[in-house]
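Residue strings, one per chain:
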Amino acid sequence: MKLPSNGVAKDIRHFSGALLVFFLIVGILIYLSKFSIPDKNAQIVNTLIGMIAASVAMVIATITGRNPDDLEDAKKKIQGLETRVESLVSQKDSLEGMLIKSQTETIERLTILSAVDYDKRNCNKDNCKCKNN
């Protein structure tokens, strides 16, 4: 039997493992409700049950279809996109600065050229105040 290779097999393994752990916990609870634990083994059994019970959150998440690996992948992707956005914002700010500088220089050049042109048009050759005589 050939299993799919697109991640479905991994999801099936996660789901079946989660069900196994869930039924193991239920079986332990049923066993403990019918039989008592000897005092010399009580500490070990309590530790093992605590460790198994600690995995209940992940078991429930896997059974319901929420995969913790997907969450970590999404966090990494979000972090990468945030970094990219920060980079693009800084590039945009740099381009805005260059555009403002270019506009300022163009306005200054046009102002100087228009002043020179105005002086040339309004200067009488006989009565010119532009020349240093």
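Residues numbered from 1 in each chain as written. Predicted model: local features only at pLDDT ≥ 70, side-chain atom pairs only at ≥ 80, totals over all residues. Heavy atoms only, no water.

A.B. asks: Looking at this structure, how should I read the overall build of the chain?
C.D. replies: Assigned secondary structure in the chain consists of 4 helices and 0 strands. What you see in the chain, going N to C, is helices and strands ordered as α-α-α-α. Carbon together with sulfur atoms contributes 62% to the accessible area of the chain, which is approximately 11,800 Å² in total. (Helix = DSSP H or I, 4+ residues; strand = E, 2+ residues; numbered from the N terminus. Areas by Shrake-Rupley, 256 points an atom, 1.4 Å probe, with all protein chains shown as cover.)

A.B. asks: Mind showing me how you'd approach the pattern of salt bridges here?
C.D. replies: A side chain of one charge can pair with a side chain of the opposite charge when the charged atoms of the two come close. Scanning the entire structure with this criterion turns up 2 salt bridges. The partner of Asp 93 in a salt bridge is Lys 92, and the shortest N-O contact between them spans 3.3 Å. When salt bridges that share partners are traced, they join Lys 92, Asp 93 and Glu 96 into one network. (Salt bridge = Lys/Arg side-chain N within 4 Å of Asp/Glu carboxyl O.)

A.B. asks: What am I meant to see in the confidence of the model for the chain here?
C.D. replies: The predicted structure's coordinates, where accompanied by low pLDDT, should not be read in detail. The share of residues in the chain with pLDDT of 70 or more is 80%, and the mean pLDDT across the chain is 79. When mean pLDDT is compared element by element in the chain, helix α4 (residues 68-122) scores highest at 88, while helix α3 (residues 56-63) scores lowest at 72. (pLDDT = per-residue confidence, 0-100.)

A.B. asks: What is the right way to look at the packing of aromatic side chains in this model?
C.D. replies: Counted by the stated rule, this structure contains 1 aromatic pair. Pairing Tyr 31 with Phe 35 gives two aromatic rings, centres 4.9 Å apart and planes at 40°, and the pair type is tilted. For Tyr 31, a relative accessible area of 47% gives the class partly exposed. (Phe/Tyr/Trp six-rings, centres within 6.5 Å; stacked < 30°, edge-to-face > 60°. Buried < 20%, exposed > 50% of the residue type's maximum accessible area, 1.4 Å probe, protein only.)

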